[in-house]
Amino acid sequence: MSILDQFKLTGKKAFVTGGARGIGKSVATALAEAGADVALVDLDIETAEKTAAELRQLGVNTIAVKTDVTNPKEVEAMIDAILSAFGTIDIAFNNAGICINEPAATMTFEAWKKVIDINLTGVFLTAQAAGRAMIQNKKGTIINTASMSGHIVNEPQPQCAYNASKAGVILLTKSLAAEWAEHNVRVNSISPGYIGTEMTLSAKQWIPGWLARTPQKRMGNPEELQGAVLYLASDASTFTTGTDLVVDGGFTCW
Ligand code: NAD
């Protein structure tokens, strides 16, 4: 197979959590452009439906599935809905996440729990459910969204729960990769730096500082993560598992 053919996803079946907008939407678009049918999984079903309709224009099948990734029953129902629509699951992009910035000393238990539930437990639940289907099929590739904040502590925003959740995603990814390699299921993560989405663009006061601390002196845009996920989702990466791919404009160099 030529190297370009290795990146093709024709006929593959994928889901993307947090797929309605932002990084999830961008990656879902790349998967669809490469030929995969894609399920957009999100709490925000209205936006997910719109995204699904846009991606259908690319000539692939798409569905939108309303799911809270923190709820095990909803996650099981989501997998059932995707299996009944697509028949199988080849690619899972576990990407839904939030950020709450509160100083550690005054952070409420509710805020801590919400971040850990969505960013870490949600990734575990959707990876576990997808992994079960993939183990049965003896193939599959899972990509989890971590963050450069799983590697280093950013300032000035206080975000201990976010940092801890993303560090957790990186080692969860390695743990699943080690357990599931014998089933031909690969598990990797990406660690974006600052990417221009609603999550970051709403924090206007911090953006100049972030840019100053980024060697490339700019934020990334969601499309700049497409190639990283396409690589990990495709046959171009068949010997890559348990790795974390940092895409951060050089932020973690300093
Ligand atoms: P975003 O806020 O634009 O999109 C997040 C999506 O997740 C939304 O559509 C939202 O409805 C969905 N979501 C939130 N909670 C959910 C839940 N419980 N169940 C299902 N869906 C839920 O954010 P984004 O910037 O696109 O971030 C996507 C991922 O990338 C997150 O995990 C985030 O932590 C990570 N990340 C983002 C950046 C960045 O700079 N934007 C950097 C590093 C990592």
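Think of each chain on its own: its residues are numbered from 1, step by step along the sequence as written. The predicted origin of the model limits local features to residues at a pLDDT of at least 70 and limits the giving and counting of side-chain atom pairs to 80 or more, whereas totals for whole chains, interfaces and linings rest on all residues. The side-chain quantities take in all heavy atoms of the structure and omit both hydrogens and water.

K.L.:
Just to check I follow, could you spell out the side chain of Thr 88 for this structure?
P.N.:
Among the structural elements, Thr 88 can be located in the loop between α4 (72-86) and β4 (91-94). Polar contacts, as counted here, are pairs of nitrogen or oxygen atoms within 3.5 Å of one another; within protein the pair requires one atom able to donate a hydrogen and one able to accept it, and residues that are adjacent in sequence qualify only if both atoms are side-chain atoms. A polar side-chain atom of Thr 88 sits 2.7 Å from a polar atom in the side chain of Asn 137. Residue contacts follow a heavy-atom distance rule, with two residues in contact if any of their heavy atoms lie within 4.5 Å. For Thr 88, the residues in contact, after removing those within four places along its chain, are Lys 13, Leu 83 and Asn 137. Helix and strand assignments follow DSSP, with helices taken as H or I runs no shorter than four residues and strands as E runs no shorter than two, numbered in order from the N terminus.

K.L.:
Got a minute to help me understand the pattern of salt bridges in this structure?
P.N.:
Once the charged atoms of two side chains with opposite charge are near each other, the side chains can pair. Between Lys or Arg on one side and Asp or Glu on the other, a salt bridge is scored when a side-chain nitrogen of the former is within 4 Å of a carboxyl oxygen of the latter. Per the stated rule, a full pass over the model turns up nine salt bridges. As a salt-bridge pair, Arg 132 and Glu 76 come within 3.1 Å of each other at their nearest N and O atoms. You can see Arg 132 sitting in helix α5 (residues 109-137) and its partner Glu 76 sitting in helix α4, a full 56 residues away along the chain. On the basis of relative accessibility, which here comes to 46%, the residue Arg 132 falls in the partly exposed class. The closest approach of N and O atoms between Asp 90 and Lys 139, which form a salt bridge, is 3.1 Å. Of this pair, Asp 90 sits in the loop between α4 and β4 while Lys 139 sits in the loop between α5 and β5 (140-145); the two residues are 49 residues apart in sequence, bridging distant segments of the chain. Only protein chains enter the area calculation, which uses a 1.4 Å probe; residues under 20% of their type maximum are buried, those over 50% are exposed, and those in between are partly exposed. For Lys 139, a relative accessible area of 38% puts it in the partly exposed group.

K.L.:
Explanation requested: the packing of aromatic side chains in the structure shown.
P.N.:
Here a Phe, Tyr or Trp ring, Trp counted by its six-membered ring, pairs with any other such ring whose centre lies within 6.5 Å, and the pair is stacked when the planes are under 30 degrees apart, edge-to-face when over 60, and tilted otherwise. Scanning the entire structure with this criterion turns up three aromatic pairs. Seen in terms of ring centroids, Tyr 194 and Trp 210 are 3.9 Å apart; in terms of plane orientation they differ by 10°. Their pairing is stacked. Note that Tyr 194 is positioned in the loop between β6 (185-192) and α7 (198-201) and Trp 210 in helix α8 (residues 207-212), a separation of 16 residues in sequence. Residues Tyr 194 and Trp 210 agree in their burial class; the two are buried. Both rings, one in Tyr 194 and one in Phe 251, keep their centres 5.6 Å apart while their planes meet at 80°; by these two values the pair is edge-to-face. Taken as a pair, Tyr 194 in the loop between β6 and α7 and Phe 251 in the segment after β7 (244-247) lie far apart in primary sequence, 57 residues in all. Note on accessibility: Tyr 194 and Phe 251 belong to one class, buried. One aromatic cluster is present, formed by Tyr 194, Trp 206, Trp 210 and Phe 251 through successive ring pairs.

K.L.:
I'm lost on helix α2 (residues 22-33) in this one. Help?
P.N.:
Two residues of an α-helix separated by three or four positions point the same way, owing to the 3.6 residues in each turn. In a helix, the anticipated span is given by 1.5 Å times the number of residues less one. Here α2 spans 17 Å end to end across 12 residues, near enough to the 16 Å set by a 1.5 Å rise per residue. Burial runs high along α2: nine of the 12 residues are buried. All of the buried residues along α2 are Ile 23, Gly 24, Ser 26, Val 27, Ala 28, Thr 29, Ala 30, Leu 31 and Ala 32. Contacts from the buried residues of α2 go to β1 (13-17), β2 (37-42), α3 (45-56), β4 and α9 (226-233). Gly 35 lies just past α2 and shows a positive phi near 110°.

K.L.:
How should the site of the ligand be read in this particular structure?
P.N.:
The rule for a residue being near a molecule or strand is that one of its heavy atoms must lie within 4 Å of it. The environment of the ligand is made up of 27 residues, and the closest members are Arg 21, Asp 42, Tyr 162, Ile 195 and Thr 197. Here a nitrogen atom of the ligand sits 3.4 Å away from a polar atom, N or O, in the main chain of Thr 67. The contact in question runs from an oxygen atom of the ligand to an N or O atom on the backbone of Asn 95, over 2.8 Å. The protein chains shown are the only cover counted for residues, whose accessible areas, like all others here, come from Shrake-Rupley with a 1.4 Å probe. When the ligand sits alone it has 830 Å² of accessible area, and the protein chains cover 94% of it. Secondary-structure elements contributing two or more residues to the shell around the ligand are α2, α6 (160-180) and α7. When residues are sorted by character, Ala, Val, Leu, Ile, Met, Phe, Trp, Tyr, Cys and Pro go into the nonpolar class, Asp, Glu, Lys and Arg into the charged class, and all the rest, Gly among them, into the polar class. Of the residues contributing to the shell around the ligand, the split by class is 12 nonpolar, 10 polar and five charged.

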